[in-house]
Amino acid sequence: MLFTVFALVLALVSPATPVADRCADVVVVGVRGSGQAPGFGDQGAPVIEELEAAIEGRGLSVRSVALEYPAISVSDSFGLVLLTGDYDRSVRAGVESLRSTFDASRTSCPATEFVLVGYSQGAQVIKTALAGTPPTIPIAAVVLLADPTRDGAQRGIVRLGDPSVERNGTFGAIALPHHVGAVTTDVCAKGDGVCERGRQSFTAHTEGYGDAGLLVLPFVLAEFDSRLRFSSSPR
């Protein structure tokens, strides 16, 4: 009993751990694609695993979170959600959720850097959220997989996958601000009609991203090394 009372008193007088001490150096936000179960999704999860290991290998703390939003399915309704507005509402919900994540971090963990990984509808959520984002949001890297709003004419973005870089996504093009495009890697599998309008392969859209993690890793880490100066002054 005496030990219990002493422990309780000690807990009451000991200072609480500051919020900043619990902040990760890097937060990886995964945004899943249409119809995928909550989590990172089949295409995003391997990429995030590769990035986590590489970032931790540089001596930085990293936390990965799956963005909560509807990620409504397009195929289940044979595309009717595109006509009813349900798809657009799903994207808007994702945009609001991502911007809320930025706002919360800016208040409690202002030094935390973000890496964003989005597949299909998730890529559209990221681009829509970032389209008007000021440079004050600390975004270290963005990875877009099968982006339906791909802007094939935007320069400064690293393009991987299909070498036909001039095509736009099937839902039209959303351009990223220059400061975001400069740290963005875009992967579009050959034949994927979602990220390259006019192509026809749904198989490419779902199965063409198995090696995406290995493809994007050197480019993302190059951006990290430049922006955060990992090699010279790790935090």
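One can find the structure itself at the top, above this paragraph.
Bear in mind the structure is a predicted one, so any value in this text is a computation, not a measurement. (Residues numbered from 1 in each chain as written. Predicted model: local features only at pLDDT ≥ 70, side-chain atom pairs only at ≥ 80, totals over all residues. Heavy atoms only, no water.)

S.K.: So, the layout of surface pockets: which residues are in play, and what are the values?
M.R.: Of the pockets and cavities examined, the second largest pocket occupies roughly 170 Å³. Listed by contribution, the elements that provide at least two residues to the lining of the second largest pocket are β2 (62-66) and α4 (86-108). Ranked by residues supplied to the lining of the second largest pocket, first place goes to α4 with four residues. Classifying every residue of the lining of the second largest pocket by side-chain character gives eight nonpolar, four polar and two charged. (1 Å grid on protein atoms, 1.4 Å probe; cavity = no way out; pocket = protein on both sides within 12 Å on 5 of 7 lines; lining within 4 Å. Points joined across faces, edges and corners; volume = space filled by probe spheres on them. Helix = DSSP H or I, 4+ residues; strand = E, 2+ residues; numbered from the N terminus. Nonpolar A, V, L, I, M, F, W, Y, C, P; charged D, E, K, R; others polar.)

S.K.: I'd like a description of the packing of aromatic side chains, backed by residues and values.
M.R.: Think of a pair of aromatic rings as described by two things: how far the centres are apart, and how the planes are tilted against each other in angle. A full pass over the atoms with the stated rule returns three aromatic pairs. With centroids separated by 5.0 Å and ring planes inclined at 75°, the aromatic side chains of F102 and F114 adopt a geometry described as edge-to-face. Residue F102 is located in helix α4, and its partner F114 is located in strand β3 (residues 113-119); the two are separated by 12 residues in the primary sequence. Among the residues examined, F102 registers a relative accessible area of 4% and is labelled buried. According to the relative accessible area criterion, F114 is buried, its value standing at 2%. (Phe/Tyr/Trp six-rings, centres within 6.5 Å; stacked < 30°, edge-to-face > 60°. Buried < 20%, exposed > 50% of the residue type's maximum accessible area, 1.4 Å probe, protein only.)

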